[in-house]
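Coordinate inspection notes
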Amino acid sequence: MPKPKYRISQVILNALKMKLEDALMFRIFTKPDCKKAATVIQERTQKAISESTIYRLFLWEKNSNSPYFQTLEILTEYIGYPSWVALEAHLDELARFRIKSGVFASSFDEEPYSILFHCIKLGNFEVLHQFFSQFSKDMSFEKKLILGEEIYASLYRNPESTMHFYKEFHAVPVVREAFFEYFADPQFKLEHYAEGLNLYLKNIHPLDSIQSLQDYIFANCLLFRHYFFSEQIESLKDLGQRLYSDLIFPIEALEQIHIYPQIRYRTYYLFYRYTQVGFDEVYWRWLVDYAIELSKSYSTWEQKIIVHTVLDALQFDEHYLQLTYDIFQSKFTELFSMIPPYLNQRPVCQQLRFLDTNAVQIFD
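Here's a quick rundown of the structure.

**A word on the overall build of the chain**
Each helix and strand in the chain was counted, giving 21 helices and zero strands. A globule of 364 residues ought to have a C-alpha radius of gyration of about 21 Å, and the chain, at 22 Å, matches this closely. The dimensions of the chain, computed from C-alpha atoms along their principal axes, are 70 × 55 × 35 Å. Looking at the chain residue by residue over its 364 residues, the buried ones come to 54%. For the chain, the share of sequence-separated contacts (at least 6 apart) that also reach a separation of at least 24 residues comes to 67%. Carbon and sulfur atoms provide 51% of the accessible area of the chain, an area that totals close to 17,800 Å². Positive and negative charge centroids in the chain, built from 37 and 46 side chains respectively, lie 6 Å apart.

Structure follows, in structure tokens:
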């Protein structure tokens with residue numbers, strides 16, 4: 001008796017791929033990615049799924065969108081849902097949210113472009129104010145991520161509109177969270193992104209609350225990294241003074257903020273020390289041990305944030321980058337097993353994208 005097949009829409013298939021990539025913690029772009037995904041899924045579920053099955057489902061242009069139901073059940077189990085029916089219902093809810101929000105295309109680089117895209121392109125900000133006001137603060141993380149991606153994609157394609165957008169919407173809560181925070185861009189791919197972050201920082205008093213401290217550290221750390229790698233020395237020294245000398249707060253407060261700004265603040269102190277004494281090996285040793293110890297309290301996803309942040313920052317020194325990579329590789333075997341073997345002989349910087357959890361990596 002033939003195995004039953006199940007017809008799914010392209011929108012649901014795209015959403016399934018994103019869900020699977022989140023669970024895998026790497027993106028599926030190539031055949032080697034499919035092979036790695038098949039191995040990881042089979043190891044966790046103890047159920048066979050082939051590299052070719054994943055390739056046909058997500059990458060093959062002639063895909064009929066009719067996978068075996070058993071394949072969907074295996075992927076569902078790996079992602080962590082009780083059944084394909086439950087997962088499909090959730091993916092359908094997100095698809096409906098995209099449509100109701102005017103995000104018609106199934107991914108950011110497809111036509112037709114969204115209403116948000118056209119409003120940004122034409123500078124129709126009166127409409128956008130009404131658009132953003134309809135979203136409640138308790139909207140789910142996944143829906144905020146969809147909105148943040150669409151804002152980022154629209155600005156990415158309309159660089160001439162970025163500064164106007166930042167000035168108009170930097171204080172709007174859903175834009176602050178969905179775009180500035182969930183789609184934070186350490187690589188500064190967007191035009192005038194530094195000016196946007198400085199607008200985000202307006203009226204934030206870091207000692208007012210834990211949330212204020214988190215927001216202050218978050219945005220300033222992104223700027224600090226940017227100033228370091230773009231060699232803006234005066235801006236780097238000035239911000240370093242404000243972040244690491246003038247800003248005084250209880251150490252317990254740092255432990256209460258999100259892991260991303262927390263580990264960035266700890267890691268980027270290397271940049272501050274570099275402007276003063278050169279590479280601080282004593283602090284580097286402390287940071288590596290701290291990162292390993294800190295990771296014991298967190299999930300695999302958050303461990304990935306910690307590991308990537310430290311390695312990413314060390315790209316200015318090949319020796320210490322390789323040394324840290326080797327140490328982390330021996331301590332975080334599960335994380336590093338996600339890097340495809342074909343990259344083993346390439347420079348560390350080329351392997352880092354498989355550890356990168358920043359949402360904007362899809363725009364690389």
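On we go.
**Looking at the packing of helix α1 (residues 10–24) against helix α4 (residues 69–79)**
α4 packs onto α1 with a crossing angle of 45 degrees between their chain directions and a minimal axis gap of 9 Å. If you check the angle between α1 and α4, you find them oblique. Seen from above, α1 lies across α4 with left-handed handedness. Residues Leu16, Lys19, Leu20, Ala23 and Leu24 of α1 touch α4, and the partners they reach there are Leu72, Leu75, Tyr78 and Ile79. Across the contact of α1 with α4, the residue classes tally to eight nonpolar, no polar and one charged.

**A short note on unusual backbone geometry**
Unlike most non-glycine residues, glutamine 46 shows phi in positive territory, near 60 degrees. Tracing the backbone shows glutamine 46 in the loop between α2 (31–45) and α3 (51–58). One non-glycine residue, phenylalanine 188, adopts positive backbone phi at about 55 degrees. Of note, phenylalanine 188 is situated in the loop between α10 (173–181) and α11 (193–200). Judged by relative accessible area, phenylalanine 188 falls into the buried class, the value being 12%.

**As for the environment of serine 245**
As for its position among the elements, serine 245 is in helix α13 (residues 233–246). In this structure serine 245 touches Gly240 and Tyr272, once residues within four positions along its chain are discounted.

**What about the nonpolar core?**
With 64 residues, the main nonpolar core has Leu128, Phe132, Leu147, Phe165, Tyr166, Val175 and Phe179 as its most contacted residues. Among the elements that make up this core, the one with the highest residue count is helix α12 (residues 210–229) (11 residues).

**Examining the pattern of salt bridges**
Counted by the stated rule, this structure contains 12 salt bridges. A salt bridge links lysine 17 to glutamate 21; its shortest N-O distance comes to 2.6 Å. With a gap of four residues between them, lysine 17 and glutamate 21 both fall in helix α1, about one helical turn apart. The class for glutamate 21 is buried, based on a relative accessible area of 6%.

**Comments concerning the environment of histidine 308**
Its place among the elements puts histidine 308 in helix α18 (residues 300–313). A C-alpha to C-alpha distance of 5.7 Å links histidine 308 and leucine 355, two positions 47 residues apart in sequence. When sequence neighbours within four positions are dropped, the list of residues in contact with histidine 308 reads Leu352, Leu355, Asp356 and Asn358.

**Remarks on the side chain of glutamate 177**
Its location among the elements puts glutamate 177 in helix α10. A polar side-chain atom of glutamate 177 sits 2.9 Å from a polar atom in the side chain of tyrosine 182. With residues up to four places along the chain from it excluded, the contact list for glutamate 177 reads Lys144 and Tyr182.

**Let's talk about the environment of valine 310**
Locating valine 310 in the fold gives a position in helix α18. Taking relative accessible area as the criterion, valine 310 reaches 0% and is therefore assigned buried. Placed 18 residues apart in sequence, valine 310 and phenylalanine 328 show a C-alpha to C-alpha distance of 10.0 Å. Valine 310 has contacts with Ile263, Thr267, Leu287, Ala291, Thr324 and Phe328, leaving out every residue within four places of it along the chain.

**Some thoughts on the packing of aromatic side chains**
A complete count under the given rule lists 44 aromatic pairs for this structure. With centroids separated by 5.9 Å and ring planes inclined at 40 degrees, the aromatic side chains of tyrosine 152 and phenylalanine 183 adopt a geometry described as tilted. Here tyrosine 152 is found in helix α8 (residues 141–157), whereas its partner phenylalanine 183 is found in the loop between α10 and α11, with 31 residues between them in sequence. In this pair, the class of tyrosine 152 matches that of phenylalanine 183, namely buried. Between the aromatic rings of phenylalanine 165 and phenylalanine 179, the centroid separation amounts to 6.2 Å while the plane-to-plane angle is 85 degrees, which identifies the pairing as edge-to-face. With a gap of 14 residues between them, phenylalanine 165 in helix α9 (residues 162–169) and phenylalanine 179 in helix α10 connect regions that are remote in the sequence.

What counts, and where the lines are drawn
Counting of residues starts from 1 at the beginning of each chain's written sequence and follows it residue by residue. The predicted nature of this model means local features are confined to residues of pLDDT at least 70 and side-chain atom pairs, given and counted, to a pLDDT of 80 or more, with totals for whole chains, interfaces and linings taken over all residues. Water and hydrogen atoms play no part in the side-chain values, which are based on all heavy atoms of the structure. For helices the rule is a DSSP run of H or I covering at least 4 residues; for strands it is a run of E covering at least 2, with both sets numbered from the N terminus onward. Only C-alpha atoms enter the radius of gyration, while the globule expectation follows 2.2 Å times N to the 0.38, with N the number of residues. The buried label applies to any residue whose accessible area, calculated with a 1.4 Å probe on protein chains only, is under 20% of its type's maximum; exposed applies above 50%, and partly exposed to all values in between. Any pair of residues with heavy atoms lying within 4.5 Å of one another is described as a contacting pair. For the accessible areas, the method is Shrake-Rupley and the probe is 1.4 Å, while residue cover comes only from the protein chains on display. His is not counted here, nor are the chain ends, while Lys and Arg score as positive and Asp and Glu score as negative. The atom standing in for a charge is NZ when the residue is Lys, CZ when it is Arg, CG when it is Asp and CD when it is Glu. All axes are obtained by fitting lines to C-alpha atoms, using only the stretch in contact for helices, and the reported angles, taken between N-to-C directions, cover 0 to 180 degrees. Between 65 and 115 degrees an angle is taken as roughly perpendicular, under 35 as roughly parallel, over 145 as roughly antiparallel, and anywhere else as oblique. Two helices that cross are described as forming a left-handed crossing if the nearer one is turned anticlockwise from the farther one by less than a right angle, and a right-handed crossing if clockwise. Three classes are used, and their members are as follows: Ala, Val, Leu, Ile, Met, Phe, Trp, Tyr, Cys and Pro are nonpolar, Asp, Glu, Lys and Arg are charged, and the others, Gly among them, are polar. Working definition of a nonpolar core: buried Ala, Val, Leu, Ile, Met, Phe, Trp, Tyr and Cys residues. They are joined through side-chain atoms within 4.5 Å. Basic side-chain nitrogens of Lys or Arg form a salt bridge, by our definition, when they fall within 4 Å of a carboxyl oxygen of Asp or Glu. Pairs of N or O atoms are called polar contacts if they sit within 3.5 Å, as long as, within protein, a hydrogen donor faces a hydrogen acceptor (for residues adjacent in sequence, only side-chain-to-side-chain pairs). Only Phe, Tyr and Trp rings take part, Trp by its six-membered ring, and two of them pair if their centres are within 6.5 Å. Stacked means planes under 30 degrees apart, edge-to-face means over 60, and tilted covers everything else.

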